[in-house]
Amino acid sequence: MYKLRDDLAIVETVDMIAAIVDEPYNFGMIAAANGISDIYAMGGKPITAMNIVGFPSESMDISVLSRILQGALAKLDEAGIILMGGHSVRNDEVKFGLSVTGIIHPDRLITKGGAKVGDKLIITKPIGTGILTTALKAEMLPTPVTEKLIVQMSRLNDKACQAMLEIGVHACTDVTGFALLGHAGELAESSGTSIEIDSKKVPIIPEAMQFAHMGLIPEGMYANWEYRNAMVQASGIDEDTMNVLYDPQTSGGLLMCVAPEKSTALLDSLNRLGVSDAVEIGRVVEATPCSQIIVL
C-alpha cells in the first residue's frame, strides 16, 4: 500500500502463472482472476492492470497469445478494470499474469495481521484445484468436471470482497499457491495467534479427493507440506484429506477472520451476493506458545 493522502492510498499486486488449462481463452480468464485477487483480499477496488507475458513465439502461433489476452480482457472488463498495456518476453513455456493497481482508504486496509482470538474462519471457494489441474494434464479429468473447474477458477472474488466490506472483518487473505494450510499459517503468524480448522467443514471439490486417493498430487503440495508441516498439528486425519489441505490453489477464494457475532451476517451477505460456496471452517485461538494450525 502507498498512501497518497489521508483518505486515499493505492494497493499494488503482481502475479503470473503457467498455463493450467488447454484452451487459451480460458487460461487468460483464470490468470486474470488470479492476478486481481490480492487487491480484493486487501479490501481494495482494482482500477488498472498491465499484462505480463512469457510466450514461445518461435514455436507457437501468435493466435494463441491473442486468445489468452482476449480471455484476460473479458475478465478485466467484468471487474471494471482498465488495461493500460503490458510487457512480453520470449519464454520456453506460456506464462501470463497481471500487475494490478487498486485504490483504498488507508484506514480500511484489510491485512493478514488483524485476526483476533475467537474470530470465526470463513472460506469462499472449495479447494482441490491443484489436484484437478494435475489430473487434467494427465488427460484423466472428465469434461463436466473440467468445465466446473474452469468456472470456479475464473470467478472473481469481487462479491466476496463486497460482503466483507459491508459486514467488516478483522483479517483476510486469498487462498492460492501456498494452499489452505499455508495461507492459514500466514494469518496465524501475522496475527500472533493460532488457527483451528475443522477438516470436516472444509469445502472440497469431490473429485479432488478421488484423484488424491489415486496419487495424482501436484509437486507444489510436497513443497507446501515441507514448509508448513512443523506448525501443523493434525491427529487422526486421513492422508487424502491432508493432501487436499496442502494442495496449491489457483484463483482460490478469500479466507476471512470475522468476529463471532458477525459471522452469520457475513455468510448471509455472501449468499445474497451469489457466493454460495462460502462456509465457516474454523476459528482463531490463542497461540500456545507459538502460532500453530490445528486440524481437527
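Note: the structure precedes this text.
Summary of the structure given here. (Residues numbered from 1 in each chain as written. Predicted model: local features only at pLDDT ≥ 70, side-chain atom pairs only at ≥ 80, totals over all residues. Heavy atoms only, no water.)

Remarks on the nonpolar core
- Leu180, Leu270 and Ile293 are the most contacted members of the largest nonpolar core, which totals 91 residues.
- Residues within four places of isoleucine 293 in sequence aside, it is in contact with Leu181, Ala184, Gly185, Ala188, Ile195, Ile197, Met231, Val232 and Gln233. (Core = buried A, V, L, I, M, F, W, Y, C linked by side-chain atoms within 4.5 Å. Buried < 20%, exposed > 50% of the residue type's maximum accessible area, 1.4 Å probe, protein only. Contact = heavy atoms within 4.5 Å.)

Here's the deal with the sheet that holds strand 9 (residues 232-234)
- The sheet built from seven strands is open, its strands ordered 7-10-6-11-8-12-9 with mixed pairing. On the outer flanks of this sheet lie strand 7 (171-174) and strand 9, each paired with one strand and no other. Across the sheet, the mean angle separating the axes of adjacent strands is 20 degrees when strand polarity is ignored.
- Where strand 9 meets strand 12 (residues 293-295), three bridges bridge the pair, whose relative direction is parallel. In the strand pairing of strand 12, alanine 234 is matched with valine 295.
- In this fold helix 1 (residues 24-41) packs onto strand 7 and strand 10 (254-258), with an angle of close to 180 degrees to the strand it touches most, strand 7.
- Against the sheet, helix 6 (residues 179-191) makes contact with strand 6 (120-123), strand 7, strand 8 (193-197), strand 9, strand 10, strand 11 (279-286) and strand 12, and its axis sits at roughly 150 degrees relative to strand 8, the strand it touches most. (Pairing = 2+ DSSP bridges. Helix = DSSP H or I, 4+ residues; strand = E, 2+ residues; numbered from the N terminus. Axes fitted to C-alpha atoms, helices over the stretch in contact; angles between N-to-C directions.)

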